[in-house]
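Listed here are the chains, written in short residue letters.
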Amino acid sequence: MSAVVSPIRDPLIYGHKSYHDITEDLVSPTERTPSAPWVIGFILSISLLGFGLFCIAWTIWHGIGTWNLNRTVGWGWDITNFVWWIGIGHAGTLISAILLLFRQKWRTGVNRAAEAMTIFAVICAALFPGIHVGRAWVVFYFFPYPNTRGPLWPNFNSPLLWDLFAISTYFTVSLLFWYTGLVPDFATVRDRAKGMRKKVYNFLSFGWVGSAKHWQRWEALSLVLAGIATPLVLSVHTIVSFDFATSVIPGWHTTIFPPYFVAGAIFSGFAMVLTLMLVVRKVLHLEEYITLNHVESMNKVILATGSIVGVAYLTELFVAWYSGYVYEQFAFFNRALGPYWWSYFGMMFCNVISPQFFWSRKIRRSVAWTFFLSIVINIGMWFERFVIIATTLARDYIPSSWSYYSPTWVEIGIFIGTIGLFFTLFLIFCRVAPVVAVAEVKSILKSSGDQYCGPDAIHHGHGHDDHGHDHSHEEHAVAESVKEEVAAVVEAVEDDLKKLEGIGPKVEAALKKAGVKTFAALAGSDTNDLQTILDEGDGNFMGNSPESWPHQARLAMEGKWDELEKLQDELQGGKY
């Protein structure tokens, strides 16, 4: 079935790409020698990670006393950074799951990196709960398992335990979703590789051959995982917000936290995706796949979620005033005009004012402006978490216990270390797998490539003659030329014969070497001739039987994929 192509929608793939061009452009960065920017970035990231590991070891050896926490401020940079990293990981699930269910084609340029970012951000976030408990060697007390330590059971009414379940579930589903999308691309890399590299990618691709049954199961699994992951977008940061909202501390005990945290998480996650992808787009020369249309679409989401976050800030202020509860009112008065005023107004500028620049289409489509504002938003969302935690705890009910919290070098070092860990993992990912999903980009080429839509597309409608001249002869000549080009392309096209049951890469190579390159050619072939090709081919094809191949090829040629799928369910390795 052909896809509907809008004549006015901007393309998502530029450069008049063919399927081979897409493979070459997206897979070759994993095959080349690392570039100088990659090496410099990797050395810097490893250095930051090493410093962070030193600070973690220092904390475990000397104790939490190396942090500047006290009786008043029990949570500081550790929980601030934990919530910040969890928020950054939200965009990957949104792009991969919800936008997949809504069939948004612009997700294909950025979904792979966004999903990877989710995995790496959750790994960074998971470090903090394990450290901030103080005695890291008994962190297994978190887990509800049978034991002989008497009443040592986690409190199931505690949101901290809900965090454990929600985040572990989120990580598992996100990892499955990410790896499922990688399987066809790993197979593409495998088919281009040699030696040990080929064996490694063959293992990673689970023996993928691109048959119709493989694609059908891949699509089904992707949709199932998208359905499971969609509620997680709402539930994970909702449960993180319960760490605060279920308490009775003024400034935390509010019902607006769940939607406010979810919107903020998507807001910060999209900003981090833009920060990363704009750098990757420049370094790997992917401007024709990560286009200004992708950037603009993501900026629209940032504008929407940023506006929601702004409304949430104002709602908090209104509820504090309208409640008449003096302690709640003081909590917000202290945020704005207390000793942490700088973080509050920094948060308001970065998260409420700066996204409003995206109302301008010119700024939405400006790479420089987008990169700058995405960093501003990341800083602002960190300020938000710091404001919620530090300003609320620093001044409680007893003025004599009021204090002012500032981090030590150890706390700062651990945070820097998580940034190093994040970029180390992301840079390794860029070397191991295609940063842009090859299979998914190919799936939208015929509907979103610039040779099919947009101003440079080849149109076959009636032209408009402003001067009243008759150009029918010229139009006829152009049409004939186009037909000849199309015929030549069709003649040169080779079908993927591996979509048929019983045909693998080696059998396909033998058939194409003998001149059977298309479904039409295979459908018109005699079974005895096919068997002769197998017998004379390079390889052991004793177990292959071509008896069903012409029938399958005829169904594929006619586009009867449902009938082909039913037939393949009845076949055993291509045999009736």
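Residue indices begin from 1 for each chain and proceed along its sequence in written order. It should be noted that, the model being predicted, local features are given only for residues of pLDDT at least 70 and side-chain atom pairs only at 80 or more, the latter also being counted only at that level, while totals for whole chains, interfaces and linings use all residues. No hydrogens and no water enter the side-chain calculation; it runs on all heavy atoms of the structure.

A. The packing of helix H4 (residues 90–101) against helix H8 (residues 212–245), seen in detail. As a packed pair, H4 and H8 sit with axes 8 Å apart at the nearest point and diverge in direction by 135°. Classified by the interaxial angle, the pair formed by H4 and H8 is oblique. Every pair of crossing elements has a handedness; the one defined by H4 and H8 is left-handed. Contacts between H4 and H8 involve His90, Thr93, Leu94, Ala97, Ile98, Leu100 and Leu101 from the first element and Ser222, Leu223, Ala226, Gly227, Ala229, Thr230, Leu232, Val233, Val236 and His237 from the second. Side-chain classes are defined by residue name, with Ala, Val, Leu, Ile, Met, Phe, Trp, Tyr, Cys and Pro counting as nonpolar, Asp, Glu, Lys and Arg as charged, and the others, Gly among them, as polar. Each residue belonging to the contact of H4 with H8 can be placed in one class, and the counts come to 11 nonpolar, 6 polar and no charged. Under this scheme, a helix contributes an axis fitted over its contacting stretch, all axes are lines through C-alpha atoms, and angles between N-to-C directions fall in the 0 to 180 degree range. Helix numbers and strand numbers start at the N terminus; a helix is a DSSP run of H or I with at least 4 residues, a strand a run of E with at least 2. Orientation is classified from the angle alone, with under 35 degrees giving roughly parallel, over 145 giving roughly antiparallel, 65 to 115 giving roughly perpendicular, and any other angle giving oblique. Two helices crossing with the near one rotated counterclockwise from the far one by less than a right angle form a left-handed crossing, whereas a clockwise rotation gives a right-handed crossing. Any pair of residues with heavy atoms lying within 4.5 Å of one another is described as a contacting pair.

B. Quick look at the confidence of the model for the protein. Predictor confidence is given residue by residue as pLDDT, running from a minimum of 0 to a maximum of 100. When pLDDT is averaged across the protein, the result is 82; 88% of the residues are at 70 or more. Across the protein, the secondary-structure element scoring lowest on mean pLDDT is helix H18 (residues 472–492), at 48, and the one scoring highest is helix H15 (residues 409–432), at 92. In this model, residues 460–478 is a region of pLDDT below 50 whose contacts with residues beyond four sequence positions or in other chains number 4 contacts. Contacts of residues 484–492 to residues separated by more than four positions or lying in other chains number 0 contacts, the stretch itself having pLDDT below 50.

C. Structural view of unusual backbone geometry. The phi angle at His16 is positive, at roughly 50°, despite the residue not being glycine. By the element assignment, His16 lies in the segment before helix H1 (19–27). Look at His16 and you get partly exposed, because its relative accessible area is 42%. Buried means the residue's accessible area, taken with a 1.4 Å probe over protein chains only, is under 20% of the maximum for its type, while exposed means over 50%, and partly exposed covers the values in between.

D. Focus on helix H22 (residues 549–557). Taken as a whole, H22 has its buried residues at Trp549, Pro550, Gln552, Ala553, Leu555 and Ala556. Tucked inside the fold, the buried residues of H22 contact helix H19 (505–513), helix H20 (519–523), helix H21 (527–536) and helix H23 (561–570). Backbone geometry just downstream of H22 places Gly559 in the positive-phi region, at approximately 75°.

E. Broad picture of the packing of helix H5 (residues 111–132) against helix H6 (residues 159–192). It is at 9 Å that the axes of H5 and H6 come closest, and there the two elements cross at 145°. As for the relative orientation of H5 and H6, their crossing is left-handed in sense. Of the residues in H6, those touching H5 at Arg112, Glu115, Ala116, Thr118, Ile119, Val122 and Ile123 are Ile167, Tyr170, Phe171, Ser174, Leu175, Phe177, Trp178, Gly181, Leu182 and Asp185. When the residues that make up the contact of H5 with H6 are grouped by side-chain class, the tally is 11 nonpolar, 3 polar and 3 charged.

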